[in-house]
Amino acid sequence: MNKSEYSANTADKALKAKNNWIDLGKAGQFVILAQTNINNKSESMITGHTGEGSVKNGTNKEKQSSHSERKGVKSQALILQSNQSDTTYPDVNEAIKDLLTAYSDASMQNGDDITVHETGGLHSNDLTSGVHEWSDSLHIASDVNFSGGEDDVWLIKIGSDLTIDENIVFTLNDGAQSDNIFWYVEGEVTIGKDANFEGIILSMNEITLEDDAILNGRMFSQASITLNDNTVTEPRNMIAGRTTSTNK
């Protein structure tokens, strides 16, 4: 392959990746964002901002200091709510609007390199970049490898529920980045106990992380998000200046 052919192939690959990219807008300022509420069953370690749209249990009050205790969440791990107007934090209402826009955008993405899979499970443990589509549910019962460059993009579209079994591990190879892996889910998402998940979840319904599950990426739900002694970490290239906090 000569230099001009290499440049053309590189440009074509970059264009395909750009076409599959989902713009998160202000939602991208959050590592966890729920349109209704975030349920914390026990202590979780979270890096990044968390936000929820609804206000419950009589907490519809004037803004509070980030150093105060609120709904059992302390200090840096404060859950931002849609009625909280502190300008030092991202705007939850605007972020939720952008979340809905991102979800709609993902629903319309097909791309030039779409792979349509049979309903049920994975037929290969290696997922190449591009658009992968399941018309119904997806059940992942074995480890998954994402192999690709740092600019490659994966869009995984699931027509119903996404279920990840216990102890499943997602591995990034050859420079693949968790913030370039988008999971568009029209149903619910369940990530099993001790699983290690990579990517950005855009779910129409509830997202549940079972005991000790780890997520490197972001979670966005148009319903609620439930945590139980989990570790949730913002993608590496987005965490400059962040601190890891305990969320109870």
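Residues numbered from 1 in each chain as written. Predicted model: local features only at pLDDT ≥ 70, side-chain atom pairs only at ≥ 80, totals over all residues. Heavy atoms only, no water.

Undergrad: Please explain the overall build of the protein as it appears in this structure.
TA: When its secondary structure is counted, the protein shows two helices and 21 strands. The buried share of the protein, reckoned over its 248 residues, is 45%. Residue pairs at least 24 apart in sequence account for 55% of intrachain contacts in the protein once pairs closer than 6 positions are excluded. On the protein, roughly 11400 Å² of surface is accessible, and the fraction owed to carbon and sulfur atoms is 44%. (Helix = DSSP H or I, 4+ residues; strand = E, 2+ residues; numbered from the N terminus. Buried < 20%, exposed > 50% of the residue type's maximum accessible area, 1.4 Å probe, protein only. Contact = heavy atoms within 4.5 Å. Areas by Shrake-Rupley, 256 points an atom, 1.4 Å probe, with all protein chains shown as cover.)

Undergrad: I would appreciate a short explanation of the packing of aromatic side chains in the present structure.
TA: For any two aromatic rings, the description comes down to two numbers: the centre-to-centre distance and the angle of the planes. With the rule as written, the count across this model stands at eight aromatic pairs. Centre to centre, the rings of Y103 and Y184 are 4.6 Å apart; their planes meet at 40°, and the pair counts as tilted. Pair noted here: Y103 is in helix α2 (residues 92-108) and Y184 is in strand β14 (residues 181-185), with a separation of 81 residues, a long-range link. Taken individually, Y103 and Y184 each receive the classification buried, so the pair is uniform in this respect. Pairwise contacts between aromatic rings join F146, W154, F170, W183 and F197 into one cluster. (Phe/Tyr/Trp six-rings, centres within 6.5 Å; stacked < 30°, edge-to-face > 60°.)

Undergrad: Sorry, what's going on with the sheet that holds strand β13 (residues 170-173) here?
TA: Each strand in a sheet pairs with its neighbour through backbone hydrogen bonds, running either in the same direction (parallel) or in the opposite one (antiparallel). One open sheet accounts for three strands, arranged β7-β10-β13; its pairing is parallel. What marks the edges here is a single partner per strand, and that holds for β7 (126-127) and β13. (Pairing = 2+ DSSP bridges.)

Undergrad: Help me understand unusual backbone geometry, please; the structure alone is not making it clear to me.
TA: As a rule of thumb, non-glycine residues mostly have phi less than zero, and peptide bonds are mostly trans rather than cis. The backbone of N167 shows a phi angle near 65°, a positive value even though the residue is not glycine. Exposure remark for N167: the relative accessible area of 47% places this residue in the partly exposed category. One non-glycine residue with positive phi stands out, namely D212, at about 65°. Mapped onto the elements, D212 comes out in the loop between β17 (207-209) and β18 (214-221). Assessed through its relative accessible area of 33%, D212 is described here as partly exposed.

Undergrad: Would you mind going over the pattern of salt bridges with me for this structure?
TA: Any two side chains of opposite charge can pair, so long as their charged atoms come close to each other. For the structure on display, the rule yields two salt bridges. Ionic pairing is found between K97 and E94, a salt bridge with its closest N-O pair at 3.7 Å. Placement of both K97 and E94 in helix α2 is noted, with a separation of three residues, approximately one turn of the helix. With relative accessibility at 31%, the residue E94 sits in the partly exposed group. (Salt bridge = Lys/Arg side-chain N within 4 Å of Asp/Glu carboxyl O.)

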